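Fold and geometry: a report
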Amino acid sequence: MIDVLNSPVTVLRGIGQKRAELLKKLNIITCADLIRFFPRGYLNMSEINPIDTLVNGQTATVVAKISSDISKRVGKRVTRFLFSVSDPKGNILFVTLYNQKYTGEHLHPGMTVLLHGPVEVIGTVRRMESPKIKIEAIPEIEPIYPLTEGVTQVSLARNIATALQACNAQLKEMLLPEIREQCQLPEIHEAFRSIHFPKTMEEAERAKNRFIFEELFLFTVGVRILKLRVRKLNAPQLKPVDLTPFLSRLPYAMTNAQKRVIRECFDGLRRPYPMSRLIQGDVGSGKTVIAAAAAYLAARNGTQSALMVPTEILAIQHYESLSTLLTPCGIKVELLTGSMRPTEKRDLLLRLEAGETDLIIGTHALIQKSVKFKNLAVAIADEQHRFGVQQRAAIQEKGQNPHMIFLSATPIPRSLALVLYGDLDISVLDELPPGRIPVATRKVGSDLEERMYRYVREKAVAGEQAYVVCPTVEGSDDMKSAVDFCEELRQTYLRGISVACLHGRMKSEEKEAILSDFVKNKISVLVSTTVIEVGVNVPNATTMIIENAERFGLSQLHQLRGRVGRGSKESYCFVVSDDKSEEAEHRLSAFCSTNDGFEISRKDLELRGPGDFLGNRQHGLPPFKIADLTRDMKILEQVSKVADRLFEDPSWFILPENRALFISASGMLRSAMLQ
Ligand code: ADP
Ligand code: MG
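Residues numbered from 1 in each chain as written. Chains lettered and ligands numbered in written order. Predicted model: local features only at pLDDT ≥ 70, side-chain atom pairs only at ≥ 80, totals over all residues. Heavy atoms only, no water.

**Quick word on the overall build of the protein**
Using the following cut-off: A run of DSSP states H or I qualifies as a helix once it reaches four residues; a run of E qualifies as a strand once it reaches two. Both are numbered from the N-terminal end. Categorising residues by exposure relies on relative accessible area from a 1.4 Å probe, with only protein chains included: less than 20% of the type maximum marks a residue as buried, more than 50% marks it as exposed, and the intermediate range marks it as partly exposed. In this analysis, two residues are considered to be in contact whenever any of their non-hydrogen atoms come within 4.5 Å of each other. The method behind every accessible area is Shrake-Rupley, applied with a 1.4 Å probe, and residues are considered shielded solely by the protein chains displayed. Neither His nor the chain ends is counted toward charge; the positive residues are Lys and Arg and the negative residues Asp and Glu. For the purpose of locating charges, the reference atoms are NZ of Lys, CZ of Arg, CG of Asp and CD of Glu.
Within the protein, the secondary structure is distributed over 22 helices and 22 strands. Expressed along its principal axes, the backbone C-alpha trace of the protein runs to roughly 95 × 70 × 45 Å. Relative to its full complement of 675 residues, the protein shows a buried share of 53%. Put simply, 73% of the contacts in the protein that link residues at least 6 apart link residues at least 24 apart. Approximately 31,600 Å² of the protein is accessible, and the part contributed by carbon and sulfur atoms is 51%. Across the protein, the mean location of the 87 positive side-chain charges is 4 Å away from that of the 79 negative side-chain charges.

**A word on the environment of H586**
The residue H586 is located in helix α19 (residues 582–593) in this model. When its relative accessible area of 41% is taken as the criterion, H586 is described as partly exposed. Considered as a pair, H586 and L607 are 21 residues apart in the sequence and their alpha carbons are 9.7 Å apart.

**Notes on helix α21 (residues 633–646)**
In an α-helix, one turn spans 3.6 residues; hence positions three or four apart end up facing the same way. Stated formally: Residue count minus one, scaled by 1.5 Å, sets the expected span of a helix.
The end-to-end C-alpha distance of α21 is 20 Å, a good match for the 20 Å that 14 residues give at a rise of 1.5 Å each. All of the buried residues in α21 are M633, I635, L636, V639, S640, V642, A643 and L646.

**Observations concerning empty space enclosed by the protein**
Here is the rule we go by: For each structure, a 1 Å grid was placed over the protein atoms alone; sets of points admitting a 1.4 Å probe that cannot get out are labelled cavities, open sets with protein on both sides within 12 Å along at least five of seven lines are labelled pockets, and lining residues have an atom within 4 Å of a point. Grid points are joined across faces, edges and corners, and a volume is the space filled by probe spheres set on the points.
Applying the stated criterion across every chain, the model contains 1 cavity of 30 Å³ or more. For the largest cavity, the calculated volume is near 50 Å³. What lines the largest cavity is simply F219, T220, V223, R224, S415, L418, V419, L636 and S640. Elements with a contribution of two residues or more to the lining of the largest cavity: α7 (201–230), α14 (414–421) and α21. The biggest single contributor to the lining of the largest cavity is α7, with 4 residues.

**Overview of the pairing of strand β21 (residues 541–546)**
A regular strand places its side chains so that they alternate between the two faces of the sheet. Selection rule: Following DSSP output, two strands are said to pair if at least two bridges run between them. Consider the strands pointing away from the viewer: the crossover is right-handed when the path from the first strand over the helix to the second runs clockwise.
Within β21, 6 of the 6 residues are buried, which leaves it mostly tucked inside the rest of the structure. Relative to strand β22 (residues 572–576), β21 runs parallel, the two being bridged by 4 bridges. If you follow I546 over to β22, its bridge partner there is V575. This β-α-β element, β21 to helix α18 (residues 554–561) to β22, shows right-handed connectivity.

**Description of helix α12 (residues 342–354)**
We apply this condition: By construction, the arc corresponds to the directions joining the helix axis to the C-beta atoms.
Here α12 spans 18 Å end to end across 13 residues, near enough to the 18 Å set by a 1.5 Å rise per residue. Every buried residue of α12 is accounted for by L348, L349 and L352. Around the axis of α12, the buried residues are gathered within 100° of arc, so they sit on the same side. Opposite its buried face, α12 presents the exposed residues R346 and L350, each directed more than 90 degrees away.

**Structural notes on the pattern of salt bridges**
So the rule is basically this: Basic side-chain nitrogens of Lys or Arg form a salt bridge, by our definition, when they fall within 4 Å of a carboxyl oxygen of Asp or Glu.
Under the defined criterion, the tally for this structure stands at 27 salt bridges. Put simply, E142 and K132 hold a salt bridge, and the shortest N to O gap is 3.1 Å. Here E142, found in strand β9 (residues 141–144), pairs with K132, found in strand β8 (residues 132–134); they are 10 residues apart in sequence, far enough to count as distant. The exposure class assigned to E142 is partly exposed, which follows from its relative accessible area of 21%. For K132, a relative accessible area of 38% gives the class partly exposed. Note that R346 and D347 form a salt bridge whose closest N and O atoms lie 3.8 Å from each other. Exposure remark for D347: the relative accessible area of 35% places this residue in the partly exposed category. One connected set of salt bridges, linked through shared partners, spans R36, E173, R180, R210 and E214.

**Examining the sheet that holds strand β19 (residues 499–502)**
Formally: To get an axis, fit a line to the C-alpha atoms, keeping to the stretch in contact for a helix; angles then go from 0 to 180 degrees between the N-to-C directions.
Ordered by their spatial adjacency, 6 strands build an open sheet running β17-β22-β21-β18-β20-β19, and the pairing between neighbours is parallel. The open sheet has two edge strands, β17 (440–444) and β19, and neither has a second partner. When the angles between neighbouring strand axes are averaged without regard to direction, this sheet yields 20°. Taken together, the 5 bridges between strand β18 (residues 465–469) and β21 define a ladder with parallel strand orientation. When the bridges of β21 are listed, V469 appears paired with I546. Here helix α16 (residues 482–491) sits on the sheet in contact with β18, β19 and β20 (525–528), set at roughly 175° to β19.

**Side note on the packing of α7 against α21**
Note the cut-off: When an angle is under 35 degrees it counts as roughly parallel; over 145 it counts as roughly antiparallel; between 65 and 115 it counts as roughly perpendicular; any other value is oblique. A crossing counts as left-handed when the near helix is turned anticlockwise from the far one by less than a right angle, and as right-handed when that turn is clockwise.
Two elements in contact, α7 and α21, have axes whose closest approach is 9 Å; the angle formed by their N-to-C orientations is 45°. Judged by the angle between their axes, α7 and α21 are oblique. The chirality of how α7 crosses α21 is right-handed. Taken together, the residues of α21 that come into contact with α7 (itself represented by N209, I212, F213, L216, F217, T220 and R224) are I635, L636, Q638, V639, S640, V642, A643, D644 and L646.

**Brief notes about the sheet that holds strand β16 (residues 425–429)**
Note on sheets: strands pair through backbone hydrogen bonds, and any given pair is parallel or antiparallel. Pairing in this open sheet of 7 strands is parallel, and the strands run β12-β13-β11-β14-β15-β10-β16 from one edge to the other. If you trace the sheet from one side to the other, it starts and ends with β12 (333–336) and β16, each paired once. Each strand of the sheet is rotated relative to its neighbour by a mean of 20°, with strand direction disregarded. Helix α9 (residues 256–269) rests against β10 (276–281), β14 (376–381), β15 (403–408) and β16 of the sheet, and its axis sits at about 160° to β16. Along the sheet, helix α11 (residues 312–326) makes contact with β11 (304–308), β12 and β13 (359–362), crossing β12 at roughly 170°.

**Focus on the domain arrangement of the protein**
Our working definition: Domain boundaries shown here were taken from an automatic or database domain assignment.
Looking at the protein, the domain boundaries give domain 1 (1–44 + 156–171), domain 2 (47–139), domain 3 (244–271 + 286–408) and domain 4 (440–594). Measuring from the centre of the C-alpha atoms in domain 1 to the corresponding centre in domain 3 gives 52 Å.

**Focus: the pairing of β22**
When you tally the buried positions in β22, you get 4 out of 5 residues, the bulk of the element. In this structure, β17 lies alongside β22, joined through 5 bridges in parallel fashion. Across the sheet, the residue bridging to K443 is V575, located in β22.

**Points about the site of ligand 1**
As a reminder of what qualifies: Whether a residue is near a molecule or strand depends on its heavy atoms: if one lies within 4 Å, it is near. Under this definition, polar contacts are N or O atom pairs within 3.5 Å; protein pairs additionally need one hydrogen-donor-capable and one acceptor-capable atom, and for neighbouring residues in sequence, both atoms have to be side-chain atoms. Side-chain classes are defined by residue name, with Ala, Val, Leu, Ile, Met, Phe, Trp, Tyr, Cys and Pro counting as nonpolar, Asp, Glu, Lys and Arg as charged, and the others, Gly among them, as polar.
Lining the immediate environment of ligand 1, one finds 16 residues, of which G284, K287, T288, R436 and N537 sit closest. Between ligand 1 and N537, the relevant distance is 2.8 Å, taken from an oxygen atom to a side-chain nitrogen or oxygen of the residue. Across the complex, the protein chains shield 85% of the 570 Å² of accessible surface that ligand 1 would expose by itself. Across the shell around ligand 1, the residue classes tally to 5 nonpolar, 7 polar and 4 charged.

Structural data, given as structure tokens:
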């Protein structure tokens, strides 16, 4: 028996070379592609609109009796049929048909017809021009496919019907009957028929859900299989060590959440296979010290660790705080940035490769080819949402199956995290260090600018510092830019105050110098772009002003707000916006109403969907064909639960009846990883 599914569409009756070329434009090459070319929607003529509910511009389906004579107008080029239909209540709809001679000739008063088309309402007169018309008024559902030139709905549907018939015997069911039953999913043959040629909308919906489920399920199973394989890999086993020297250098006592998360980390680091752990904690919850503890453990075990951060500014800060903490313990901490002098860098890389460096902190520069470790045991990515899959994989490849720790201030639901990062373990820092006063957040219009900056001025005179964030660097008419606004502030409200500008286009030395002056309080007000979004820590800064706040996403706003309220003084965050759109109002008031990062994340995810929320591709959202994580979170959770249960007994997928699933899942994962 030939493998019809994987054969080119030309094996099908009615599809020649020319037709195949056309279908190729729709990415349809094999018969499997053809039957998996799902409708993007349905023309649901079974949903009937009563005539008296019709509104102008609506596309409606009406079933009614012809209540007038059929008037036929024969012109030079067009033949028109005019008539009206009415319902039992006497509501009338006028209908015009053009050139539908065959149908037109068969119409007669009293006949029931089904009309589907755009409605025009002028005053009390309702009209439909050239609707689809069915004389035998049987309600129907028609699939609507995305098309390309030369391919019509009808011809495509016909090709698909042919393909389905030819492939029918070869379709393999991959979902166990128990799963289908439990999740109310149709069996595969029925699902293919129903998604293309449903009898009811419910049937179409169920079929679609099945394919969404299947896609997410295969992916999830693939990820779980990968995890089982990971367990066979040998990672550096890090033995527990006495943390006292480390703890005694900390200027504070750790929160219980920090202690617990460190325990969870160390537990994974002790195992013989690599740990992948996501640590979620709100801004300011103290994630850095977790990284420090892991680095301490690695060094005491005679191995190396790396901390990768998204910006140079943050790398420098982390370097400063971690070396203060770890150097006295005899741990060698080094900093690698893109802007180092070549000789300096060469020496550093030599020390790293020789194993003299215990912890290296750096930006993306860490994943360059030239960076080699002697024995990298723990790789940590801070603000991991800023890194893509490739970058995470690249740092991982610097060692022999090193343990991975991801630090994140934007918590995501577990089911989504699993899709994004494979099967990782999750630790939650759900406690802020004591004594923090929540940042008071106010939304203001630009009419309050003067008052606001007068306040900033007073605070500056009193020795406290402020951030002003603008959406662009320079030269924009419709929003504030850091360079221009900084100049403006210097000449107006903040004359005589030390104001500096900071943005991503500046040289790193320049950035570094400014930031270090800000840390030392030589600069009172820092006007910047979102370069300060990630992680910068200046406890003396107590005011955050975000200009054109409507330009930022919720999570980003929260990150920015997290730059203040880091000390014991009361802090304020002002979001400045004149945008009166409902969307902006909604987002900004949601922002003002809570300080809880988890709440903000949930809201952001809900408002933007996972695609935008995570920045899409860059963050490795797999390119699903039919599933859409924006919409299908519920199904994803269902899938997650089913997979959890299946994997309680990992031997299940070795069973012959699950072989197809196993192969498909592995294949699916492979192709997703290659994207
Ligand atoms: P984030 O989770 O946002 O990365 P950081 O690690 O930068 O937070 O910590 C924020 C601030 O809180 C730092 O100044 C840090 O020294 C301080 N900090 C961390 N843990 C504690 C604690 N347990 N008690 C008091 N201050 C802490
Ligand atoms: Mg941080």
